[in-house]
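Results of the structural survey
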Amino acid sequence: SNKADMYVIISEFYQNLVARGKQHCFPEWEFIPETYNLRQYDQCRKFFYQVFPRLLEDPNAERYFIKDGNRHAGAGVHILTRDLATESWLSYKFGVNCGQPQLPDLVAQREKTNLYLLDGRKSDIRNYSMVLSVKPLYMVMSPDFFFRRTQSQFSTTSSNLQDVLTQFVGNSGSKEEIDEAYVSKEEWISYLEKEHGSREVGLQKLQETAKKMQNLATKLFMMVYKKMPKYANAGDIFHILGWDFMLDEALNPCWLETNGRPQTKKDYFEAASRQPVYMASFLDRMVRGEKASELDLNAFDGKQFTPLIDFTKENDSDKFFGNIPEDCVSEFLL
């Protein structure tokens, strides 16, 4: 349910910006899809009173993903449309079951349209940030990211919306199929080079997308971290966050969720990069008890971690990596 609860915080933050005429501080709002925690009474009622009737009445209405919050890697996800409004969903319709403790941990999120297709397939991006200190706040982001793509070609005219190999990334299969579903950052450059006819243009597109993801992660974290019990009284801390994005056709990252307990198995990183990578050995060292403050991140395995938030800086405008307008810095410090 974290993606839905986080969406509520983000939505409230943006509405406060609008009320003060500062919506230009968060233009990325258009890349935040509506999300509802169906175990939370108010969100459940809002979804089934306002959204669900449209799905029943309008065959061209937007589609929503329904996800079981206790499952992962593409499992437990369904696309809810008019044709798929089964009796189990109808039982919620007028709030009959909203708020009941026995309900499954379900999340509804609006489907993103105009997607960027990687080799003709739907895909999402996983990147990692690391919170190394709360007082003062210090967070860095991994220099690498990777794609997870579906195992089958995507078609907007597909009649089978529950075909998990076409619609959802990360579904289980053979080791070869799973490994083939991952695309590293370096491999993506090759795809971009083919798409744009130039490696230089491909690198530029990659760098622009990476910066957009970093800026969005910085802003979203600043919106929510003070509301997270984990950070309430913490000083030194080591917390890995998994950021999931999808790209639209213009390569703008659209936020899907931020995972506070992301997948960190070594073979997961090996599949993503085709080789053992710095992230896995970094985790190994942390598990052995090395403190984050004792690690030289900039020199770690020759990788250059990107600072996102650094509250050791004296000037407020220097605390954030990225392009936050000067008149907006204070909004993210409140």
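Residues numbered from 1 in each chain as written. Predicted model: local features only at pLDDT ≥ 70, side-chain atom pairs only at ≥ 80, totals over all residues. Heavy atoms only, no water.

Structural notes on the packing of aromatic side chains
The full count for this structure, using the stated rule, is 15 aromatic pairs. Judged by centre distance (4.9 Å) and plane angle (55 degrees), the rings of Phe147 and Trp188 are tilted. In this pair, Phe147 is assigned in strand 7 (residues 146-149) and Trp188 in helix 6 (residues 185-196), connecting sequence segments 41 residues apart. Relative accessible area serves as the criterion here: at 0%, Trp188 is assigned to the buried category. Among the aromatic residues, those joined into a cluster by ring pairs are Tyr7, Tyr14, Phe26 and Trp29. Above the face of the Phe311 ring, Lys319 is positioned so that its terminal group lies 5.0 Å from the ring centre. (Phe/Tyr/Trp six-rings, centres within 6.5 Å; stacked < 30°, edge-to-face > 60°. Helix = DSSP H or I, 4+ residues; strand = E, 2+ residues; numbered from the N terminus. Buried < 20%, exposed > 50% of the residue type's maximum accessible area, 1.4 Å probe, protein only. Lys NZ or Arg CZ within 6 Å of the ring centre and 35° of its normal.)

With respect to the pattern of salt bridges
Summed over all chains, the structure comprises 11 salt bridges. Its salt-bridge partner being Arg20, residue Glu331 comes within 2.1 Å of it at the nearest N-O pair. Of the two residues, Glu331 sits in helix 10 (residues 329-333) while Arg20 sits in the loop between helix 1 (2-19) and strand 1 (35-37), which places them 311 residues apart along the sequence. Taking relative accessible area as the criterion, Glu331 reaches 7% and is therefore assigned buried. (Salt bridge = Lys/Arg side-chain N within 4 Å of Asp/Glu carboxyl O.)

What to know about the packing of helix 6 against helix 7 (residues 199-224)
Orientation of helix 6 relative to helix 7, taken along the N-to-C sense of each, is 125 degrees, at an axis distance of 8 Å. Judged by the angle between their axes, helix 6 and helix 7 are oblique. Once helix 6 is placed against helix 7, the crossing between them reads as right-handed. Packed against helix 6, whose contacting residues are Lys185, Trp188, Ile189, Leu192, Glu193 and His196, the element helix 7 presents Arg199, Val201, Gly202, Leu203, Lys205, Leu206 and Thr209 at the interface. Per-class residue counts for the contact of helix 6 with helix 7 are six nonpolar, three polar and four charged. (Axes fitted to C-alpha atoms, helices over the stretch in contact; angles between N-to-C directions. Parallel < 35°, antiparallel > 145°, perpendicular 65-115°, else oblique. Left-handed = near helix turned anticlockwise from the far one by under 90°. Contact = heavy atoms within 4.5 Å. Nonpolar A, V, L, I, M, F, W, Y, C, P; charged D, E, K, R; others polar.)

Points about the side chain of Asp310
Inspection of the secondary structure assignment puts Asp310 in strand 11 (residues 306-310). For the buried Asp310, which has no salt bridge, the nearest side chain bearing the opposite charge is Lys313, at an N-O separation of 4.2 Å. Looking at Asp310, its side chain comes within polar contact range of the side chain of Thr312, at 2.5 Å. In contact with Asp310, other than residues within four places in its own chain, are Leu137, Tyr138, Asp318 and Lys319. (Lys, Arg positive; Asp, Glu negative; His and termini not counted. Polar contact = N/O pair within 3.5 Å; in protein donor to acceptor, adjacent residues only side chain to side chain.)

Comments concerning unusual backbone geometry
The peptide bond linking Lys135 to Pro136 adopts the cis configuration, its omega dihedral lying at 5 degrees. Along the polypeptide, Pro136 turns up in the loop between strand 5 (123-134) and strand 6 (137-141). Despite not being glycine, Asn114 has its phi angle at roughly 55 degrees, a positive value. With respect to the helices and strands, the residue Asn114 is situated in the loop between strand 4 (106-110) and strand 5. Despite not being glycine, Asp119 has its phi angle at roughly 60 degrees, a positive value. Positionally, Asp119 belongs in the loop between strand 4 and strand 5.

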